[in-house]
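The residues making up each chain are set out below.
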Amino acid sequence: MVAAVQGTRLLADAILIPAKADLVEARLAWLDGLAKERRLSPLTVDAYERDTRQFLLFMTNHLGGPPGVAEIADLKPVDLRAFLSSRRAEGAGARTVGRGMAGLRSFLRFLQKRGLANAAGASALRTPRQPKSLPKPLTASDAKRVVSTGEQLAEEPWIAARNAAVLTLLYGSGLRISEALGLTAGTLRGGEQAIRVTGKGGKMRLVPVLAAAQEAVALYRRLCPYHLALDEPLFRGARGGPLQAAIVQREMQRLRSALGLPDTATPHALRHSFATHLLGRGGDLRTIQELLGHASLSTTQIYTGVDADRLLDIYASAHPRR
């Protein structure tokens with residue numbers, strides 16, 4: 001049955017994509033591996049499918065006939081540069097082209113592991129520089145609404161308190177969601193004004209804990225129906241296991257819909273809000289760098305662009321000659 005289904009998909013691919021059977025089969029195996037073994041999201045797999053389909057269509061025109069594994073194995077940098085040029089000529093932006101090359105590199109590495117191609121040319125090829133996008137923080141008033149226990153949508157009071165406590169730590173302490181969910185129940189028990197967290201690369205840093213965050217966590221502890229052993233996760237899921245980031249992201253999605261917030265209002269946007277609001281109130285970049293756990297000051301400097309945009313918006317709306 002599985003073989004029959006796979007055969008049907010191969011036939012459909014062969015019709016849609018002018019490629020030889022060996023390449024069609026290899027591409028299908030790669031896409032299945034992305035979904036089943038690497039567990040990439042369906043949206044990412046779909047994007048990689050489209051990107052490689054566009055590449056094979058380009059190669060068909062470029063070579064004058066459908067490519068097979070042998071033709072892909074003979075790819076040269078000039079072929080890849082021609083593909084990039086064609087995508088830019090079609091109006092694809094730098095991000096789209098960059099993602100397309102990421103998918104193509106993944107496919108070529110898949111073929112290389114099976115001794116069918118050499119991925120060195122694609123790996124060495126430089127893609128267009130990605131434009132730096134500024135973080136999109138929430139306004140101070142929206143951030144306060146998001147972290148409020150009273151605004152949470154969960155029906156069970158302890159889950160509403162849990163969600164509010166997690167979101168308050170993201171905004172009040174600038175934590176990444178993984179850092180908040182990595183806290184053990186042994187932390188934040190006695191009104192600590194600062195705690196140590198482990199960030200990217202195992203780097204430890206000291207972060208502040210506002211009174212509002214202490215109160216939110218204390219309320220969650222009182223209402224939580226599960227025993228919180230000191231060396232076990234502080235935040236729990238509905239069945240008592242460790243709370244997963246996807247649950248927090250889903251709750252935030254529901255919350256921003258209810259509050260009429262933009263799609264950019266994500267859990268990570270609360271961390272951006274922490275940095276932006278500190279900078280706007282006179283915080284210096286070096287301190288904010290330490291609080292965020294950035295290895296380089298240049299990473300933190302992006303928030304100066306956010307604050308400059310905010311100031312220009314205020315100027316444009318307030319100046320009497322606008």
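Within an unreviewed UniProt entry, the label attached to the protein chain reads Tyrosine recombinase XerC, and the organism entered is Tianweitania sediminis. The protein chain has a UniProt comment under Sequence similarities (unreviewed entry) that states "Belongs to the 'phage' integrase family. XerC subfamily."

A.B. asks: Outline the side chain of Asn-163, supporting the account with residue identities and numerical values.
C.D. replies: By secondary structure assignment, the location of Asn-163 is in helix α9 (residues 157-173). Look at Asn-163 and you get buried, because its relative accessible area is 5%. Filtering out sequence-adjacent residues up to four positions away, Asn-163 remains in contact with Gln-152, Ala-154 and Glu-251.

A.B. asks: Explain the packing of α9 against helix α12 (residues 245-259) to me, using residue names and the numbers behind them.
C.D. replies: Direction vectors running N to C along α9 and α12 enclose 95 degrees, while the axes themselves pass 11 Å from each other. With respect to each other, α9 and α12 are oriented roughly perpendicular. Residue-level contacts link Arg-162, Asn-163, Val-166 and Leu-167 of α9 to Ile-247, Val-248, Glu-251, Met-252 and Leu-255 of α12. Residues that form the contact of α9 with α12 fall into these classes: 6 nonpolar, 1 polar and 2 charged.

A.B. asks: Provide a residue-level description of the pattern of salt bridges, including the pertinent values.
C.D. replies: Applying the stated criterion to the full structure yields 10 salt bridges. Between Arg-176 and Glu-179 there is a salt bridge whose closest N-O contact spans 2.5 Å. For the pair Arg-176 and Glu-179, a shared accessibility class is recorded, and that class is buried. When the shortest N-O distance is used, the salt bridge between Arg-236 and Glu-232 registers 3.1 Å. Bridged by salt links that share partners, the residues Arg-27, Glu-49 and Arg-53 form one connected network.

A.B. asks: For the packing of α9 against helix α11 (residues 211-223), give the residues involved together with the corresponding values.
C.D. replies: Their axes nearest at 8 Å, the elements α9 and α11 cross at an angle of 155 degrees. Looking at the two axes, α9 sits roughly antiparallel to α11. The chirality of how α9 crosses α11 is left-handed. Of the residues in α11, those in contact with Pro-157, Trp-158, Ala-161, Arg-162, Ala-165, Thr-168 and Leu-169 of α9 are Ala-212, Ala-213, Ala-216, Val-217, Leu-219, Tyr-220 and Leu-223. Looking at side-chain class alone, the contact of α9 with α11 contains 12 nonpolar, 1 polar and 1 charged residues.

A.B. asks: Before we move on, can you summarise the UniProt feature "active site" (unreviewed entry) in the protein chain with the specific residues and values?
C.D. replies: In the numbering used here, UniProt assigns the "active site" (unreviewed entry) feature to Arg-176, Lys-200, His-268, Arg-271, His-294 and Tyr-303. Within the annotated group just given, the residues that line the second largest pocket are Arg-176, Lys-200, His-268, Arg-271, His-294 and Tyr-303. Contact partners of Lys-200, with chain neighbours within four places excluded, come to Arg-176 and Glu-179. The residue His-294 is located in the loop between α14 (285-292) and α15 (297-300) in this model. Residues contacting His-294, with those up to four places away along its chain left out, are Arg-176, Lys-203, Arg-271, Gln-289, Thr-299, Thr-300 and Tyr-303.

A.B. asks: For the environment of Gly-240, give the residues involved together with the corresponding values.
C.D. replies: Checked against the element boundaries, Gly-240 lands in the loop between α11 and α12. Spatially, the C-alpha atoms of Gly-240 and His-227 are 8.8 Å apart, while their sequence positions differ by 13 residues.

What counts and what doesn't
- Residues numbered from 1 in each chain as written.
- Predicted model: local features only at pLDDT ≥ 70, side-chain atom pairs only at ≥ 80, totals over all residues.
- Heavy atoms only, no water.
- UniProt positions renumbered as here; feature names shortened; annotations may be inferred.
- Helix = DSSP H or I, 4+ residues; strand = E, 2+ residues; numbered from the N terminus.
- Buried < 20%, exposed > 50% of the residue type's maximum accessible area, 1.4 Å probe, protein only.
- Contact = heavy atoms within 4.5 Å.
- Axes fitted to C-alpha atoms, helices over the stretch in contact; angles between N-to-C directions.
- Parallel < 35°, antiparallel > 145°, perpendicular 65-115°, else oblique.
- Nonpolar A, V, L, I, M, F, W, Y, C, P; charged D, E, K, R; others polar.
- Salt bridge = Lys/Arg side-chain N within 4 Å of Asp/Glu carboxyl O.
- Left-handed = near helix turned anticlockwise from the far one by under 90°.
- 1 Å grid on protein atoms, 1.4 Å probe; cavity = no way out; pocket = protein on both sides within 12 Å on 5 of 7 lines; lining within 4 Å.

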